[in-house]
Amino acid sequence: MRQPRLLRSGPGGATGCAGSRRPRAGNGVAPGTPAQPRRSRLGGARPAWPRAALPAAPLVPRRAGSSGERREAPGWGGCPAMAAPGPRRGCPCPAARPALPVLRWLPRYSLAWLQLDLMAGLSVGLTVVPQALAYAELAGLPLQYGLYSSFMGCFVYCILGTAKDVTLGPTAIMSLLVSSYAFHEPVYAILLAFLSGCIQLAMGLLHLGFLLDFISCPVIKGFTSAASITISFNQVKNILGLQGIPRQFFLQVYETLRRIGETRAGDAVLGLACLAALAGLRAMKSRLPRAAPAEPLAARVSYLIVWTCTTARNALVVLFAGLVAYSFQVMGSQPFTLTGSIPRGLPAFRLPCFSMAVPNGTVPFGSMVEDMGAGLAVVPLMGLLETVAIAKAFASQNDYKIDPSQELLALGFANILGSFVSSYPITGSFGRTAVNAQSGVCTPAGGLVTGALVLLSLAYLTALFYYIPKAALAAVIISAVVPMFDAGIFRTLWRVKRLDLVPLCVTFLLCFWEVQYGIMAGVLVSGILLLYSMARPPVQVLEGDVLLVQPGSSLHFPAIEHLRDIICSRALAAASPPHSIILDCCHISSIDYTVVVGLAELLQELRKHGLSLAFCSLQEPVLQVLLSADLEGFQHFPSREEAVVLGLYSGCDTPVTPTNTLHWSHLPLSCLLGGCWAAHRGWNVPMSQRRAE
């Protein structure tokens, strides 16, 4: 029996012919018009490759008597989307197109896209400015470094990014990591951004993004849930107006509870009020009904005003708190702890410092790298993981494709160039990306507006930041990170697979001690579980006159001893030994040399006891390896049914009948339908005649 030939993977990595995908609306083919077929190398016609991977604008509902022409719906969701990665016909510079995704959408840019990108960029800009100030506080750096980190990523990603929704900048997770590895020193933070960008760029060039696949979902969930609690409690001191609280979590909890009597009433009242306002605006946005295009103009304008206020809630709350603080300052009293002075002007464009001056000498580059230690692995990997995960999530939601390798390059360049303007490490922001998508952004050009707004804030508005209360910034951070805690993941894993609770709990608990220890321990535990599943694959055994053994996955060197023990214990220690043993290899797609050696020893051991071992359902790569090894006594059959029939026939001195020898209860259904059909025809028929039948 010949094995079916498998099709090679297409350009996207999916099995089968890439051209067999059905074209969707918005891919360059008008709705309702069938794509022109192309000839396939396998024969027959196949649909044309879609020229864009994003859906076109939704259609406006037709009124009675209106024509069937397609029109773009007004509002947020009516922009066509970017083209899929890859060169297109008519590109003026096809060689540069894969490296510059901006050339995929820039030649088709329109005024309608500009309007939506402007609105989205302004919405994200009003969100990023207060968040940047708050995240710099979380990272233990002067507040201006949050703004320094918020504009370069927007400009770089506009040119190199492949997801229209993603925005790069400081995030709560990355700020927490920076606080652990930069030691509250801007020089360390900037150098960490440069080195992280170099590592990310190298990973992109070498296509090492697959390393992120070794960080399992339970590890990510454990880390983000622990980070949510750690970051939130880290801001409690600013809500209560306490000073001198240590940053280590357990000491922080102890000192906060011990000194809770020193709470400043003004900071506490303002902080709780800001938290309540942010929670209310978030809930209002989630329940805001969308205005239909057919509704009156007043209803649509009202929807736009409410949507803008709820989207820019961080800016509104910080602005309100700043006005309250300024009012008290004018009256001669100040019950709040203020942010203080922030240097005005743009940062200088220069190389990051590779050494740091200290009072009694200089810290050289080698010592700085040694001090960062595991941060040089944790920070770039977590940055890549966060960015790629966000890009994939929104690409799936909005029906377009991203290029993960290009995303690595974009993030690497953003961190390298960001370090030239005093930025600390940045990554994709889930919250601001969500704002960008909900604002109806059409291309990454919306990031240009966001970056310009941050630059304007640095150039002209830093004097106003003096009056922002720290309690308001703390409320912004807490409001942003509380949704990161996923309480349902514990219940879900308990129901789905309880073993995955082990890396989840290990990561979650150790992250309260040190973030790097939690992540590394979680990855280590996940790796151990993965290796254990490779070393102890599931093996199904059906006993009878023929011992049928079927491994449930590929065989690698840790698993061969386990398989040998199972076969020998069932075949040699049984009260009634089987006539032969069949190893069903239908689930085995690869083996290594150690497995070949183990199988040779198994064949030799079984032969000493008068037993034969036959292989069936071998896949082509495995069969080629075994044939190349030239194993003594190696025999194989195309199917399990033929192997069972021939195995029974070879072990019988008298004709086999279904009633006296064959154990029907132990044979699988496929054997009953295949090999056992031959038993009814007569087992003592010569081999040549049975094959002819």
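Being a predicted model, the structure only gives us computed values, none of them experimental.

**Description of the packing of helix α5 (residues 172–181) against helix α7 (residues 217–234)**
Here comes step 1: In contact at an axis separation of 10 Å, α5 and α7 are set at 75° when each is read in the N-to-C sense. Considered as vectors, α5 and α7 are oriented roughly perpendicular to each other. Residue-level contacts link A172, I173, L176 and L177 of α5 to F223, A227, T230 and I231 of α7.
Here comes step 2: Taken together, the residues that form the contact of α5 with α7 break down as 7 nonpolar, 1 polar and no charged.

**Focus: unusual backbone geometry**
In most cases, non-glycine residues show a negative phi, while peptide bonds are predominantly trans.
Here comes step 1: Phi is positive for H207, which is not a glycine, with a value near 55°.
Here comes step 2: Structurally, H207 is set in the loop between α6 (186–205) and α7.

**Remarks on the nonpolar core**
Here comes step 1: By size, the foremost hydrophobic cluster in this structure holds 107 residues, and its most contacted members are L133, L147, L177, V178, F223 and I231.
Here comes step 2: Broken down by element, the residue count for this core peaks at 11 residues, all from helix α14 (residues 375–398).
Here comes step 3: Here L133 is in contact with L143, L147, I342, F465, I468 and L473, once residues within four sequence places are set aside.
Here comes step 4: Counting residues in hydrophobic clusters, the runner-up holds 29 residues, among them A571, I581, L631 and F634.

**Thoughts on the side chain of E386**
Here comes step 1: Looking at the element boundaries, E386 is found in helix α14.
Here comes step 2: Nearest to the buried, unbridged E386 among oppositely charged side chains is R432, at 8.4 Å.
Here comes step 3: When neighbours within four sequence positions are excluded, E386 is seen to be in contact with T171, I173, T427 and G428.

**A closer look at a nonpolar patch on the surface**
Here comes step 1: Judged by side-chain polarity, F210, L211, F214 and L530 come together as a nonpolar surface patch covering roughly 380 Å² of accessible area.
Here comes step 2: As for its placement among the helices and strands, F214 is situated in the loop between α6 and α7.

**Some thoughts on helix α11 (residues 297–311)**
For an α-helix, 3.6 residues make a turn, and residues three or four places apart therefore share a direction.
Here comes step 1: End to end, α11 covers 21 Å across 15 residues, agreeing with the expected 21 Å (1.5 Å per residue, within 8%).
Here comes step 2: Taken together, the buried positions of α11 are occupied by Y303, W307, T310 and T311. Down the axis of α11, the buried set is contained in an arc of 95°. They therefore lie on one face. For α11, exposure combined with an orientation more than 90 degrees from the buried face picks out L297 and A298.
Here comes step 3: Contacts made by the buried residues of α11 are with α2 (111–138), α10 (265–286), α12 (313–330) and α16 (430–438).

**As for the pattern of salt bridges**
Here comes step 1: Tallying each qualifying case throughout the model produces 10 salt bridges.
Here comes step 2: Of the charged contacts, one joins D165 and K164 as a salt bridge, the two residues approaching to 3.1 Å between their closest N and O atoms.
Here comes step 3: Judged by its relative accessible area of 0%, D165 falls in the buried class.
Here comes step 4: Taking the shortest distance from any N to any O, the salt bridge between R259 and E262 comes out at 3.2 Å.
Here comes step 5: The exposure class assigned to R259 is buried, which follows from its relative accessible area of 13%.
Here comes step 6: Salt bridges sharing partners connect three or more residues here, namely E561, R564, E601 and E605.

**Brief notes about the confidence of the model for the chain**
Here comes step 1: Chain-level statistics for the chain give a pLDDT mean of 79 and a share of 79% at 70 or above.
Here comes step 2: Low pLDDT, under 50, characterises residues 1–78; the stretch is placed with 115 contacts to residues that sit more than four places away or in other chains.
Here comes step 3: Taken as a whole, residues 80–97 scores under 50 in pLDDT and shows 46 contacts with residues more than four places along the chain or in a different chain.

Reading the values: rules and limits
- Each chain has its residues counted from 1, running along the sequence as written.
- Totals for whole chains, interfaces and linings use every residue, but because this is a predicted model, local features are given only for residues with pLDDT of at least 70 and side-chain atom pairs only at 80 or more, for both listing and counting.
- Water and hydrogen atoms play no part in the side-chain values, which are based on all heavy atoms of the structure.
- Geometry is summarised by axes, namely lines fitted to C-alpha atoms with helices restricted to the contacting stretch, and by angles between N-to-C directions that run from 0 to 180 degrees.
- A run of H or I in DSSP becomes a helix once it reaches four residues, and a run of E becomes a strand once it reaches two; helices and strands are each numbered from the N terminus.
- Every angle not falling under 35 degrees, over 145, or within 65 to 115 is termed oblique; those three ranges are roughly parallel, roughly antiparallel and roughly perpendicular.
- It only takes one pair of heavy atoms within 4.5 Å for two residues to be counted as in contact.
- Put simply, Ala, Val, Leu, Ile, Met, Phe, Trp, Tyr, Cys and Pro go in the nonpolar bin, Asp, Glu, Lys and Arg in the charged bin, and everything else, Gly too, in the polar bin.
- Side-chain atoms within 4.5 Å are what join buried Ala, Val, Leu, Ile, Met, Phe, Trp, Tyr and Cys residues into a set we call a nonpolar core.
- Burial classes follow relative accessibility: with a 1.4 Å probe on protein chains only, a residue under 20% of its type's maximum area counts as buried, one over 50% as exposed, and anything between as partly exposed.
- Counting rule applied: Lys, Arg positive; Asp, Glu negative; His and chain ends not counted.
- By definition, a salt bridge exists where a carboxyl oxygen of Asp or Glu is found within 4 Å of a side-chain nitrogen of Lys or Arg.
- Note on patches: the residues involved have over 30% relative accessible area and no salt bridge, like charges join within 9 Å, and the nonpolar side chains Val, Leu, Ile, Met, Phe, Trp and Tyr join within 5 Å.
- The Shrake-Rupley method, run with a 1.4 Å probe sphere, supplies the accessible areas, and residue values consider only the shown protein chains as cover.
- Expected helix span is computed as 1.5 Å times (number of residues minus one).
- Comment: arc refers to directions from the helix axis out to C-beta atoms.
- Each residue carries a pLDDT score, the predictor's confidence in it, ranging from 0 to 100.

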